[in-house]
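Each chain is listed here by its residues.
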Amino acid sequence: MKSFLSHIKEKFGDGHYEGDQFGGAGGHDGTGLPTGTPGNFMFATGIECSYPTIANGTIRRDLLAETDHYNRYKEDLGLVKEMGLKVLRYNLPYYLIHKGPGQFDWEFADLAMAEIKRLGITPILDLMHFGVPDWVGNFQNPELPVHFSEYCGAVAQRYPWVRFYTPVNEIYVTARASAKDGIWNEQLKDDRAFITAMKHITAASIMGNQQIAKYRPDCIIVQSESAEYIHEMRAVESDAVRLTNKLRFLSLDLLYAHTIDAEVLLYCLDNGMTREELKWFMAGEPPGYQIMGNDYYGRNERIIKPDGSWCAAEDVLGWYTMTRQYYERYRKPVMHTETNTFNAKDAECWLWKQWVNVQRIRQDGVPVVGFTWYSLLDQLDWDISLAEKRLSVNACGLYDLDRRIRPVGESYKMMIREFGQITIMPHGEMFEFTTRPAMLKVEK
């Protein structure tokens, strides 16, 4: 005599749905939708687009040009679609578009945005990525927030269908590399210059956000910021490292009007921030819906040995622990907004390790709404932080510069096929209401 399971399998397949077309009982445990409808978790990539100046302002790095995106943008956007992705971190090059007060060149932006719209891709528009127009100068210019906010408002008016924005990419990294480490733009190595850049860039982000919200009140702001930490291998931590580990929060403290650590506050006041400026930042966070994006590369987490030499820590804390620190501080929805590794052989494993981090932190109750492998294409000279124009290829893309898919790209496709039904909020499928009546299939 056949068992009841045999009869069920003959009638319905191996799962609980007819034909097992929905992967068994998946869906009600939050792993997928029993309807087969794609989930709304934001799997994404980005197209590397940095454009700082180097060599005392005589050389402009533009990764969109150096990777030939301006000529191959349709092909590149098609690769995003081919990958199975619906979300793209995409930059409109501020330094090329904003020609002067009230003057804009939209030629390339219009072409690219029309293709993004045609393909049904959701852009997260990145409006400042490590550089400013020549006529603005650099991040020491106190007029930057006014000029940049004009640009943000113009973008929001021109593309009213766009809802997701990153006004300024990695505020902390921008200020540090330009005014503290002496690599880009003003190329200064000075505490006062660093705080000046930090004030101007953060104010630009806030005012730009305000202009975006003026034309798109329901805007969603995905603030991409680098998650960093230094492990100092000394019995007693040095003052410099302790302060650096605290300063990584400064941009978000100013952006979200969060109470600043006393030591950091004194450092700010000692280096040019006024009480009036502090009061302005602490007045309240910007409008719209705020998502805290954390960028994590293994090289962001460093170990400094007693002799002063250092090595990449890679997952001593990891994205989970570091993001948990940021989440506990700001209590914002989170997105993993950037990750990669320069070693192509390690890329597939690194991708899955980062996804394990995302899954685990979601299981522990932190609302992570998206994940990004950055970038779509291989990059150039990021192993030296763009400090010189060597044009050395960093094999960290989903595709190489000939637009051939890399093994990590195939792995990302596999991830999207397997997890593409998950929702931004676990079990969120139950809240996806419709006005249409349910259609029931009745057996005759």
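Residues numbered from 1 in each chain as written. Predicted model: local features only at pLDDT ≥ 70, side-chain atom pairs only at ≥ 80, totals over all residues. Heavy atoms only, no water.

### Focus: the sheet that holds strand β8 (residues 164–166)
Then, in step 1: The eight strands are arranged β1-β4-β7-β8-β9-β11-β14-β15 in a closed barrel whose pairing can be described as parallel. Across the sheet, the mean angle separating the axes of adjacent strands is 25 degrees when strand polarity is ignored. (Pairing = 2+ DSSP bridges. Helix = DSSP H or I, 4+ residues; strand = E, 2+ residues; numbered from the N terminus. Axes fitted to C-alpha atoms, helices over the stretch in contact; angles between N-to-C directions.)

### Quick notes on the sheet that holds strand β10 (residues 229–232)
For sheets, the rule is that strands pair by backbone hydrogen bonds, running either parallel or antiparallel.
Then, in step 1: Across the sheet, three strands lie side by side as β10-β12-β13; this open sheet has mixed pairing. Strand pairing shows two members of the sheet lacking a second neighbour, β10 and β13 (310–312), which therefore form its edges. Adjacent strand axes in the sheet meet at a mean angle of 25 degrees when their direction is disregarded.
Then, in step 2: As paired strands, strand β12 (residues 301–304) and β13 are joined by three bridges and run antiparallel to one another. Counted as the bridge partner of R302 is A312 from β13.

### Points about the packing of aromatic side chains
Then, in step 1: This model, assessed by the stated rule, comprises 22 aromatic pairs.
Then, in step 2: Judged by centre distance (6.0 Å) and plane angle (80 degrees), the rings of F371 and Y412 are edge-to-face. With a gap of 41 residues between them, F371 in strand β15 (residues 368–374) and Y412 in helix α15 (residues 407–419) connect regions that are remote in the sequence.
Then, in step 3: On the basis of relative accessibility, which here comes to 0%, the residue F371 falls in the buried class.
Then, in step 4: Through successive ring pairs, a cluster of aromatic residues spans F41, F43, W355, F371, Y412 and F419.
Then, in step 5: Between R299 and the ring centre of F342, over which it is positioned, the NZ or CZ distance is 3.8 Å. (Phe/Tyr/Trp six-rings, centres within 6.5 Å; stacked < 30°, edge-to-face > 60°. Buried < 20%, exposed > 50% of the residue type's maximum accessible area, 1.4 Å probe, protein only. Lys NZ or Arg CZ within 6 Å of the ring centre and 35° of its normal.)

### Some points on the packing of helix α9 (residues 239–247) against helix α11 (residues 262–270)
Then, in step 1: At a minimum axis separation of 10 Å, α9 and α11 run at an interaxial angle of 90 degrees. In terms of their interaxial angle, α9 and α11 are classed as roughly perpendicular. Of α11, the residues touching α9 (which contributes R242, L243, K246 and L247) are E263, V264 and Y267.
Then, in step 2: Residue composition of the contact of α9 with α11, grouped by class: four nonpolar, no polar and three charged. (Parallel < 35°, antiparallel > 145°, perpendicular 65-115°, else oblique. Contact = heavy atoms within 4.5 Å. Nonpolar A, V, L, I, M, F, W, Y, C, P; charged D, E, K, R; others polar.)

### Considering helix α8 (residues 191–215)
Then, in step 1: The end-to-end C-alpha distance of α8, which contains 25 residues, comes to 37 Å, matching closely the 36 Å that a straight helix rising 1.5 Å per residue would cover.
Then, in step 2: Among the 25 residues in α8, 18 count as buried, and that is most of the element.
Then, in step 3: Capping of α8 at its N-terminal end is provided by D190; its side-chain oxygen lies 3.0 Å from the backbone amide nitrogen of R192. (Expected span 1.5 Å × (residues − 1). Polar contact = N/O pair within 3.5 Å; in protein donor to acceptor, adjacent residues only side chain to side chain.)

### Some words on the pattern of salt bridges
Then, in step 1: Taken as a whole, this structure holds 32 salt bridges when the rule is applied.
Then, in step 2: In this structure, the salt-bridge partner of R242 is D239, at a minimum N-O distance of 3.1 Å. Of this pair, R242 and D239 both sit in helix α9, three residues apart, which is roughly one turn of the helix.
Then, in step 3: On the accessibility criterion, R242 (26% relative accessible area) is partly exposed.
Then, in step 4: Looking at D239, the relative accessible area reads 54%, which means it is exposed.
Then, in step 5: Taking the shortest distance from any N to any O, the salt bridge between R331 and E328 comes out at 2.7 Å.
Then, in step 6: On the accessibility criterion, R331 (53% relative accessible area) is exposed.
Then, in step 7: You can call E328 partly exposed: its relative accessible area is 38%.
Then, in step 8: A cluster of three or more residues bridged by salt bridges with shared partners is formed by D239, R242, K246, D261 and E263. (Salt bridge = Lys/Arg side-chain N within 4 Å of Asp/Glu carboxyl O.)

### With respect to the side chain of T341
Then, in step 1: Looking at where T341 falls in the secondary structure, it is placed in the loop between β14 (334–338) and α14 (347–363).
Then, in step 2: Take T341: its relative accessible area is 11%, and that puts it in the buried class.
Then, in step 3: Dropping the residues within four chain positions of it, T341 is found in contact with R299, D346, A347, W350, W373, A395 and C396.

### Here we look at unusual backbone geometry
Then, in step 1: Residue Y374 is joined to S375 through a cis peptide bond whose omega torsion reads 20 degrees.
Then, in step 2: Following the sequence through the fold, S375 ends up in the loop between β15 and β16 (379–380).
Then, in step 3: Phi angles above zero are rare outside glycine, and N56 is one such case at about 55 degrees.
Then, in step 4: Of note, N56 is situated in the loop between β2 (53–54) and β3 (59–60).
Then, in step 5: At D68, a position not held by glycine, the phi torsion is positive, near 65 degrees.
Then, in step 6: You can see D68 is positioned in the loop between α2 (63–66) and α3 (69–83).
Then, in step 7: Overall, the relative accessible area of 30% leaves D68 in the partly exposed class.

### Thoughts on the environment of F164
Then, in step 1: Looking at where F164 falls in the secondary structure, it is placed in strand β8.
Then, in step 2: Classification of F164 as buried rests on a relative accessible area of 14%.
Then, in step 3: In this structure, F164 is in contact with M42, T122, P123, I124, L125, I220 and V222, ignoring residues within four places of it in sequence.

### Thoughts on the nonpolar core
Grouped burial of nonpolar side chains is what soluble globular proteins tend to show.
Then, in step 1: Grouped together as the largest cluster of nonpolar side chains are 116 residues, with contacts concentrated most on F43, Y90, L92, L144, F148 and Y412.
Then, in step 2: If we skip the residues at most four places from it in the chain, Y90 touches I47, H69, L77, F108, A112, I116, I124, L125 and D126.
Then, in step 3: Among the nonpolar cores identified, the runner-up in size contains ten residues, and M42, I124, F164 and V369 belong to it. (Core = buried A, V, L, I, M, F, W, Y, C linked by side-chain atoms within 4.5 Å.)

### Notes on helix α5 (residues 107–119)
Then, in step 1: An ideal rise of 1.5 Å per residue puts 18 Å on 13 residues; α5 measures up with 19 Å between its terminal C-alpha atoms.
Then, in step 2: Positioned one or two residues after α5, G120 has a phi angle of 75 degrees, which is positive.

### Some points on the pairing of strand β7 (residues 122–126)
Then, in step 1: The element β7 is extensively covered by neighbouring structure, given that four of its five residues are classed as buried.
Then, in step 2: Bridge count between strand β4 (residues 87–91) and β7: five bridges; the pairing is parallel. Paired with V87 across the bridge in β7 is T122.
Then, in step 3: The parallel pair β7 and β8 is bridged by helix α6 (residues 144–158), and the resulting crossover is right-handed. (Right-handed = clockwise from strand over helix to strand, strands pointing away.)

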